[in-house]
Amino acid sequence: MVIDNPWPMFTQPELAPIARLLAESGVSDLVFNGYSHASVLHHNRWSPVQSGFDSEEQLAAAAKLLVSLGGRQIDLAHPFASANLDKVRVHAMLASAVNRQTHLSIRVHASRDLALSQWLGVNQIERAQIQLLRGVLDSRESFLISGSAGAGKTTLLRALLSEVAAERIITI
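Residues numbered from 1 in each chain as written. Predicted model: local features only at pLDDT ≥ 70, side-chain atom pairs only at ≥ 80, totals over all residues. Heavy atoms only, no water.

A. Just helix 4 (residues 127-139), in detail. Compared with an ideal rise of 1.5 Å per residue, which puts 13 residues at 18 Å, helix 4 spans 18 Å between its outermost C-alpha atoms and is within 8% of the ideal. Inspection of helix 4 places Ile130, Leu133, Val136 and Leu137 among the buried residues, and these make up the whole buried set. For helix 4, the buried positions fall inside an angular range of 125° around the axis, keeping them on one side. Residues of helix 4 that are exposed and point more than 90 degrees away from the buried face comprise Arg127, Ala128, Gln131, Leu132 and Asp138. Downstream of helix 4 by a residue or two, Arg140 has a phi angle that is positive, lying close to 60°. (Helix = DSSP H or I, 4+ residues; strand = E, 2+ residues; numbered from the N terminus. Expected span 1.5 Å × (residues − 1). Buried < 20%, exposed > 50% of the residue type's maximum accessible area, 1.4 Å probe, protein only. Arc of directions from axis to C-beta.)

B. Spatial organisation of the pairing of strand 3 (residues 45-49). Sheet topology places strand 2 (residues 38-42) next to strand 3; 5 bridges connect them, and they run antiparallel. Considered in strand 3, the bridge of His42 is made with Arg45. Once strand 2 ends, the chain turns through 2 residues before running back antiparallel as strand 3, passing His43 with a positive phi of about 50°. (Pairing = 2+ DSSP bridges.)

C. Region of the structure containing the sheet that holds strand 1 (residues 27-33). Within the open sheet, the 6 strands sit side by side as 3-2-1-6-5-4. Their pairing is antiparallel. The sheet terminates laterally at strand 3 and strand 4 (80-84), the two strands that pair on one side only. When the angles between neighbouring strand axes are averaged without regard to direction, this sheet yields 15°. Across 5 bridges, strand 1 lies against strand 6 (residues 103-108) in antiparallel orientation. Note on strand 6: the bridge partner recorded for Asp29 is Arg107. (Axes fitted to C-alpha atoms, helices over the stretch in contact; angles between N-to-C directions.)

D. Focus on helix 2 (residues 56-69). Over its 14 residues, helix 2 runs 20 Å from end to end, which matches the ideal 20 Å to within 8%, given 1.5 Å per residue. Within the sequence span of helix 2, burial applies to Glu56, Leu59, Ala60, Ala62, Ala63, Leu65, Leu66 and Val67. Packing partners of the buried residues in helix 2 comprise helix 1 (16-22), strand 1, strand 4, strand 5 (88-93) and strand 6. Backbone geometry just after helix 2 places Gly71 at a positive phi near 80°. (Contact = heavy atoms within 4.5 Å.)

Pasting the structure below:
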């Protein structure tokens, strides 16, 4: 199912191939390994797709533009960059002497935040796990969230942060 483009940051012509790939409902990740190899994570399943870019130069221009929209800079002197835009997180690596291909990864943030108690309702977590996590928060213990790509680490962290909204929190 294709929907209208909810990505106002992708209206520039250089970003049209990205907007086209992200416009499909259910896409949570988009990766480019060079201009001719792209994949999307759609409903938790990776699929190869046509990138829409005709050259490394076009993909590099898109990567530079995306990174700049996030207030960062990427060039041959600094060929790696990450940036957070409104609804996406972008990681980019320009082609260089080390690797002849530009690499671009775009992660779509969850469309809505779930409170910790809502995780129970969508069968993502058990009641005992919620109690354990709340105990960790109440005791102010340090903890680490880890998992594979698309596992829900950021969504879980947002739910935990909502539990302690009155606290001053530093995350790295």
